[in-house]
Amino acid sequence: MPKPLLRWQNLKVSFPELNTDTHKLYSESIMIPDGELWENDFLWIDGPSGTGKSTLMHLIKGLIPRYIYAKVEGTFLYEDKSIIDDYPHELDKKTVYSFQNPYSQILTPRCREEIIFSMENYGFSREDIETNAQTWASRFKLTELLDQKTYTLSGGQCQRLVLASSLACSPKILLFDEPTAFMDPQAQKDFYSLLKTLKGKFTIVVIDHNAPELSSLYDKRLVWPKKEKEEFKSLPDVPSTCDFEIVCEKLYFSYPEKSIFKNMDFKTQSGKIISIIGANGSGKTTFFKLLTGMLRLSSGELGFTFQKKNLSWRKRPKHTSIIYQNSEAQFYFDTVREELTYNTRDPETHIELAKRLGLESALDRSPYMLSEGQKRRLSILIAIAQEKPLILYDEPTYGQDRANVELITEIMRALKKANRLQILNTHDVEWAKSISDEVYTLEEQRLVRL
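J.: I keep staring at the layout of surface pockets and nothing clicks. Help me out?
T.: A water-sized probe rolled over the atoms picks out the places where empty space is left. By volume, the second largest pocket is sized at about 880 Å³. The set of elements that each furnish at least two residues to the lining of the second largest pocket consists of helix 6 (155–167), strand 12 (258–269) and helix 8 (284–292). Per-element accounting of the lining of the second largest pocket gives the leading share, five residues, to helix 8.

Pasting the structure below:
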């Protein structure tokens, strides 16, 4: 009688934690809903952020407990054999996992090397390596980027590169964790069109909060139980800041291989929310790097004014907070609590904000052990805790369910009332229009107001 490829029941996973008051060793257990996968099934996983969806992916791939230490209870079978304690090499080789955070998966200096790296490890022939690399680079529109350095890629380009390198290995089981989170709308449509062609040829598991295309693709759907709805609590008061202004005049910037901005003018001031949309690689993150001083202009003027005084280039970072696309780039301490309370005048307010954003049970965990959605919310709170007049958000709603998007929106509106200037890059166009005072798109190397 045929058996499921994978089957899990009564799974509970808990991660290491040390609460200095209670000396608690493990977090509260994450409960995984029962499920099974047959060969060539298409499974859509949905549910609230931070409830364990990625944890299930880690178990399927064998990252837990082999590389990510956790206490696992329950039954997890591959072809009716338990694999919690003895993960089979066969399953490891046939399974590829595209992480929610593409930055954590890129290992090589250039795009071409990234696509072929895994194939070389698995012993593919030179001919197959070249053929597969060309095929998948073309499918994900990476052909012109093959000689580009990976650290220069946008988040969406990184995501496409990870997907191409994963599929080039000719796997049998495909695990996609928020695969389009950093992609522009056209790239998202292209990806789900590709999935449609793969359906029935691979066993596919997709985690995605906001993908209407999945409704016509999936065979099975695993929905995590919704969290109990808490009584609404008003947000704590956010400290106000003084007047702040940015003025760009005839701004030019180019990389050695590509011009990004040409003769661009832009002006804005505190108490506003500004959204920037545009295709992957059009220059949204580069603009943030110019504002923070990580990059210098090729020519033109970029002026910051705080309390009617011009700020020198060296002083601008002291007035600017940035939420990076890669949330982990903002983490320095052992616990979430330390991240939120370091060098802030009002730690109680920021702990309360963390509780409102669903991080209460994670305060004594390592920030690196959170789900990607939780990491994103933590990175936003770290920036807020710095109490600077300018906050830059690079994809603030990445990895968030609708309830958490609404909470992030509340916080941004509270910061607006506190006279902060907030500029965000996003592919969530409708959300950007609902929250912003002004929305811009990057066209022909300039910011154009919609």
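J.: What am I meant to see in the packing of helix 10 (residues 347–356) against helix 11 (residues 372–385) here?
T.: Axis angle and axis distance: for two packed helices, these are the angle between their axes and the distance between the axes, and together they describe the pair. Where helix 10 meets helix 11, the closest approach of the two axes is 10 Å, and the angle between their N-to-C directions is 160°. Of the possible angle classes, the one that applies to helix 10 and helix 11 is roughly antiparallel. In this structure, helix 10 crosses over helix 11, and the sense of that crossing is right-handed. Listed contacts from helix 11 to His350, Leu353 and Ala354 of helix 10 are Leu381, Ile384 and Ala385.

J.: Even after reading the chapter, I still don't get the sheet that holds strand 9 (residues 203–207), so can you show me in this structure?
T.: As a general point, the strands of a sheet are linked pairwise by backbone hydrogen bonds and lie either parallel or antiparallel. Strand order across the open sheet formed by five strands is 7-8-9-4-10, with parallel pairing between neighbours. Both outer strands of the open sheet, strand 7 (95–98) and strand 10 (220–223), are each paired with one neighbouring strand and no more. The sheet shows a mean angle of 15° between the axes of neighbouring strands, direction not considered. When strand 4 (residues 42–46) meets strand 9, the two strands line up parallel, connected through four bridges. Each bridged residue has a counterpart across the sheet, and for leucine 43 the counterpart in strand 9 is valine 205. Those strands touched by helix 1 (residues 53–61) are strand 4, strand 7, strand 8 (173–177), strand 9 and strand 10, and its axis lies near 155° from that of strand 8.

J.: Just checking my understanding: could you explain the nonpolar core for this structure?
T.: Judged by nonpolar contacts, the single largest core of 40 residues is most densely connected at Ile115, Phe140, Phe176, Leu195, Leu198 and Ile204. For this core, the elements supplying multiple residues, two or more each, are strand 4, helix 4 (111–121), helix 5 (126–139), helix 6, strand 8, helix 7 (185–198) and strand 9. The contacts of leucine 198, once residues within four sequence positions are left out, are Trp136, Leu167, Leu174 and Ile204. Within the second largest apolar cluster, 33 residues are counted, among which are Val238, Leu357, Leu378 and Ile411.

J.: In this structure, what is going on with the packing of helix 11 against helix 12 (residues 402–417)? I would like to understand it.
T.: Packing of helix 11 against helix 12 brings their axes to within 12 Å, and their N-to-C directions diverge by 10°. In terms of orientation, helix 11 lies roughly parallel with respect to helix 12. For the pair helix 11 and helix 12, contact is made by Arg377, Ile380, Leu381 and Ile384 and by Asn404, Ile408, Ile411 and Leu415, respectively. For the contact of helix 11 with helix 12, the class distribution of residues is six nonpolar, one polar and one charged.

J.: Even after reading the chapter, I still don't get the environment of arginine 110, so can you show me in this structure?
T.: Secondary-structure assignment places arginine 110 in the loop between strand 7 and helix 4. Looking at arginine 110, the relative accessible area reads 33%, which means it is partly exposed. The spacing of arginine 110 and serine 240 is 130 residues in sequence and 44 Å in space, taken between C-alpha atoms.

J.: Please clarify how the sheet that holds strand 12 should be interpreted in this entry.
T.: Strand order in this open sheet of four strands is 12-11-14-15, and the pairing throughout is antiparallel. Looking at strand neighbours, the two that pair on one side only are strand 12 and strand 15 (309–311), the edges of this open sheet. When strand polarity is set aside, the average angle formed by the axes of neighbouring strands in this sheet is 25°. Pairing of strand 11 (residues 244–255) with strand 14 (residues 299–306) involves seven bridges; the strand directions are antiparallel. Across the sheet, the residue bridging to glutamate 245 is threonine 305, located in strand 14.

J.: Is there a simple way to think about the packing of aromatic side chains in this case?
T.: Two aromatic rings, taken as a pair, are described by how far apart their centres are and by the angle between their planes. Following the criterion strictly, the structure yields 14 aromatic pairs and no others. Ring plane angle 70° and centroid distance 4.7 Å describe the contact between tyrosine 97 and phenylalanine 99, whose orientation is recorded as edge-to-face. Note on phenylalanine 99: relative accessible area 22%, which makes it partly exposed. Taken together, the ring pairs connect Phe261, Phe266, Phe287 and Tyr440 into an aromatic cluster. The ring of phenylalanine 304 has arginine 316 sitting right over it, with the charged end atom 5.0 Å from the ring centre.

Conventions adopted
Think of each chain on its own: its residues are numbered from 1, step by step along the sequence as written. The predicted nature of this model means local features are confined to residues of pLDDT at least 70 and side-chain atom pairs, given and counted, to a pLDDT of 80 or more, with totals for whole chains, interfaces and linings taken over all residues. As a rule here, side-chain values come from all non-hydrogen atoms in the structure, and water together with hydrogens is ignored. Put simply, the grid is 1 Å and covers the protein atoms alone, a cavity is a trapped set of points that fit a 1.4 Å probe, a pocket is an open set with protein on both sides within 12 Å along at least five of seven lines, and lining residues have an atom within 4 Å of a point. Grid points are joined across faces, edges and corners, and a volume is the space filled by probe spheres set on the points. Runs of H or I in DSSP of at least four residues are treated as helices and runs of E of at least two as strands, each being numbered from the N terminus. Here an angle of 0 to 180 degrees is reported between the N-to-C directions of two axes, which are lines fitted to C-alpha atoms, with helices fitted over the stretch in contact. Orientation categories follow fixed angle ranges, with anything under 35 degrees roughly parallel, anything over 145 roughly antiparallel, 65 to 115 roughly perpendicular, and all other angles oblique. When the near helix sits turned anticlockwise from the far one by under a right angle, the crossing is termed left-handed; a clockwise turn instead gives a right-handed crossing. Any pair of residues with heavy atoms lying within 4.5 Å of one another is described as a contacting pair. Any two strands between which DSSP finds at least two bridges are classified as paired. Nonpolar cores are built from buried Ala, Val, Leu, Ile, Met, Phe, Trp, Tyr and Cys residues. Side-chain atoms within 4.5 Å join them into one set. Three exposure classes are used, based on accessible area relative to the maximum for each residue type with a 1.4 Å probe and protein chains only: buried under 20%, partly exposed in between, and exposed over 50%. Classification convention: Asp, Glu, Lys, Arg as charged; Ala, Val, Leu, Ile, Met, Phe, Trp, Tyr, Cys, Pro as nonpolar; all other residues, Gly among them, as polar. Only rings of Phe, Tyr and Trp enter the pairing, Trp through its six-membered ring, and a pair is recorded when the two centres are within 6.5 Å. The plane angle decides the type: under 30 degrees is stacked, over 60 is edge-to-face, the rest tilted. Whether a charge lies above a ring is judged from NZ of Lys or CZ of Arg, which has to be within 6 Å of the ring centre and within 35 degrees of the ring normal.

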